[in-house]
Amino acid sequence: MTASADSTGTGTDTDTGTDSRTGTDTGTGTDTGTVGTDAAAPGPDPAAAALVAAWPHAYRQGVAGHPVLLMLHGTGGTEHDLLGLADALDPQATVLSPRGRVTEIGMNRWFRRLAEGVFDLDDVELRSDELADFVTAARAHYELGGLNLVAVGFSNGANVALATALRHPSTVPHVIAFSGMHPLPGRVADTDLNATSVLLLNGESDPMAPLASVDALAAELEARGAAVQQVRRTGGHGVTEADVYAAQGWLAR
Ligand code: MLT
C-alpha cells in the first residue's frame, strides 16, 4: 500500500512523479539540493559507488547538523513517495530514499510475503541485510560522515526499517515506523539495542498491522535495551496528520 492509499485521508501523498535519476527538484520550495544520483560520478569509494549506482534511489543533500532521513515506501510505492513526508519531518535533512527491490504482481516491496501479514522471514533477513549494505555504501558514497540516521518507513517500509534496526542497529539506530508491525516474529537476533530508539505509530483498528504484533515488537525491543515510544490513534493503516505531528515532536526531542 502506498501512503496515498491511506483510508484515513491525511493528505500525505508525497509522490512527486519525478524521476530521481534526472536530478529533478522535489518541488517543496526548500533549497536543500536536488533529488537524484549521478551514477557516473566517481565517489571516494568505487565499490560503494557501484552499489549505490545499482540501487534506484532518490537523494538530496541536507544542511549540516540535520539528520539523514532514510525514507522507505510502502508496498506499491517508489522512492518518490515519501519525499514530502521527509520535508514535513525536517526540510533541512539529508534524504536518502531507495526503492524496494522485490516485486509482487508489479508492486515494489522490501521483502517477500506468503500472504498479507505473513512474511517470508528468510527473505526479510536477506533483504534487510542488503538494505544495511546499501546504507553503508551510501554513507561512504555521499560522504555522510557521522551524521545521525533515522529510518522513516510506512507499512512494508516500516517493517523493513524495523527488521534492519533489529539486525543492524549500528547502521539503522533510529526508526520512525508508520503502521509497522513485528517483521521477524520468532527470529531472535542477539544485537545490542541499547543505543536504538524507535517510534511506533499505529492505528487502533489496523488489520494490516495488528496491535498484538506491535506490542510483541515493542516488548522485544525494550527487553533488548531500545528506547521505544508508542503512539496510538483511532483508525487504520496510514499516515495521519497526527502521526506526522507526533513524529516531528519525537525527532525534535
Ligand atoms: C507488509 O507486507 O509488510 C505488510 O503487510 C504491509 C503491507 O501490506 O505492505
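Keep in mind it's a predicted model, so treat the numbers as computed, not measured.

Q: Would you explain the overall build of the protein in this entry?
A: Secondary structure summary: the protein contains six helices and 11 strands in total. Out of the 253 residues in the protein, the part that is buried amounts to 53%. Nonlocal contacts in the protein, meaning residues at least 24 apart in sequence, comprise 72% of its contacts between residues at least 6 apart.

Q: Looking at this structure, how should I read unusual backbone geometry?
A: It is generally the case that most residues other than glycine have a negative phi and that most peptide bonds are trans. Its identity is not glycine, yet Glu 143 carries a phi of approximately 55 degrees, on the positive side. Mapping Glu 143 onto the fold places it in the loop between helix 3 (121–141) and strand 8 (149–154). Phi is positive for Ser 155, which is not a glycine, with a value near 60 degrees. Among the residues examined, Ser 155 registers a relative accessible area of 5% and is labelled buried.

Q: What is the right way to look at the packing of aromatic side chains in this model?
A: To describe a pair of aromatic rings, one takes the distance between the centres and the angle between the planes. Summed over all chains, the structure comprises three aromatic pairs. With 4.9 Å between their ring centres and 35 degrees between their planes, Trp 55 and Phe 134 make a pair best called tilted. Of this pair, Trp 55 sits in the loop between helix 1 (46–54) and strand 1 (57–60) while Phe 134 sits in helix 3, and the two are 79 residues apart along the sequence. Of the two residues, Trp 55 and Phe 134, neither departs from the other in class, the shared state being buried. Here the aromatic rings of Tyr 59 and Tyr 142 are separated by 3.5 Å at their centres, their planes lie at 5 degrees, and the arrangement is stacked. On the criterion of sequence distance, the pair formed by Tyr 59 in strand 1 and Tyr 142 in the loop between helix 3 and strand 8 is long-range, its members being 83 residues apart. Grouping residues by exposure puts Tyr 59 and Tyr 142 together as buried. The ring of Trp 55 is capped by Arg 101, whose NZ or CZ atom sits 3.6 Å from the centre of that ring. Cation over ring: Arg 253 sits above Trp 250, and NZ or CZ is 3.8 Å from the ring centre.

Q: Sorry if this is basic, but what is going on with the nonpolar core here?
A: The tendency in soluble globular proteins is for nonpolar side chains to be buried side by side. Core analysis: the biggest nonpolar cluster contains 44 residues, and Val 175 and Leu 200 have the highest contact counts within it. In this structure Leu 200 touches Leu 162, Ala 177, Val 214, Leu 217, Ala 218, Val 228, Gln 229, Gln 230 and Val 231, once residues within four positions along its chain are discounted. Counting residues in each nonpolar core, the second largest holds 21 residues, with Ala 58, Ala 93, Phe 178 and Trp 250 among its members.

Q: Just to check I follow, could you spell out the environment of Thr 94 for this structure?
A: Summarising the element assignment, Thr 94 is placed in strand 3 (residues 94–98). Relative accessible area serves as the criterion here: at 1%, Thr 94 is assigned to the buried category. For the pair formed by Thr 94 and Gly 62, sequence separation is 32 residues and the distance between their alpha carbons is 3.8 Å. Look past the residues within four positions of Thr 94 in its chain and what remains in contact with it is Tyr 59, Arg 60, Gln 61, Gly 62, Pro 67, Val 68, Leu 69, Leu 144 and Leu 147.

Q: It is not clear to me how the site of the ligand should be interpreted in this structure. Could you clarify?
A: As a structural note, the neighbourhood of the ligand is formed by Thr 75, Arg 109, Phe 111, Arg 113, Gly 117, Phe 119, Ser 155, Asn 156, Asn 159 and Met 208. One nitrogen or oxygen atom from the side chain of Asn 156 is found 2.8 Å from an oxygen atom belonging to the ligand. Contact distances for the ligand include 2.8 Å between an oxygen atom and a side-chain N or O atom of Asn 159. Within the complex, the protein chains bury 99% of what would otherwise be the 260 Å² of accessible surface of the ligand. Tallied by class, the residues present in the shell around the ligand amount to three nonpolar, five polar and two charged.

Q: Before we go on, may I ask you to explain the environment of Leu 200 in this structure?
A: Its location among the elements puts Leu 200 in strand 10 (residues 197–203). Between the C-alpha atom of Leu 200 and that of Val 228, which follows or precedes it by 28 residues, the distance is 7.5 Å.

Q: Even after reading the chapter, I still don't get empty space enclosed by the protein, so can you show me in this structure?
A: Following the criterion strictly, the structure yields one cavity of 30 Å³ or more and no others. Lining the largest cavity are Trp 55, Gly 100, Arg 101, Val 102, Trp 110, Arg 127, Glu 130 and Leu 131. Sorting elements by how many residues they give to the lining of the largest cavity places helix 3 first, with three residues. Its residues assigned to classes, the lining of the largest cavity shows four nonpolar, one polar and three charged.

Conventions and cut-offs
- Residues numbered from 1 in each chain as written.
- Predicted model: local features only at pLDDT ≥ 70, side-chain atom pairs only at ≥ 80, totals over all residues.
- Heavy atoms only, no water.
- Helix = DSSP H or I, 4+ residues; strand = E, 2+ residues; numbered from the N terminus.
- Buried < 20%, exposed > 50% of the residue type's maximum accessible area, 1.4 Å probe, protein only.
- Contact = heavy atoms within 4.5 Å.
- Phe/Tyr/Trp six-rings, centres within 6.5 Å; stacked < 30°, edge-to-face > 60°.
- Lys NZ or Arg CZ within 6 Å of the ring centre and 35° of its normal.
- Core = buried A, V, L, I, M, F, W, Y, C linked by side-chain atoms within 4.5 Å.
- Near = heavy atom within 4 Å.
- Polar contact = N/O pair within 3.5 Å; in protein donor to acceptor, adjacent residues only side chain to side chain.
- Areas by Shrake-Rupley, 256 points an atom, 1.4 Å probe, with all protein chains shown as cover.
- Nonpolar A, V, L, I, M, F, W, Y, C, P; charged D, E, K, R; others polar.
- 1 Å grid on protein atoms, 1.4 Å probe; cavity = no way out; pocket = protein on both sides within 12 Å on 5 of 7 lines; lining within 4 Å.
- Points joined across faces, edges and corners; volume = space filled by probe spheres on them.

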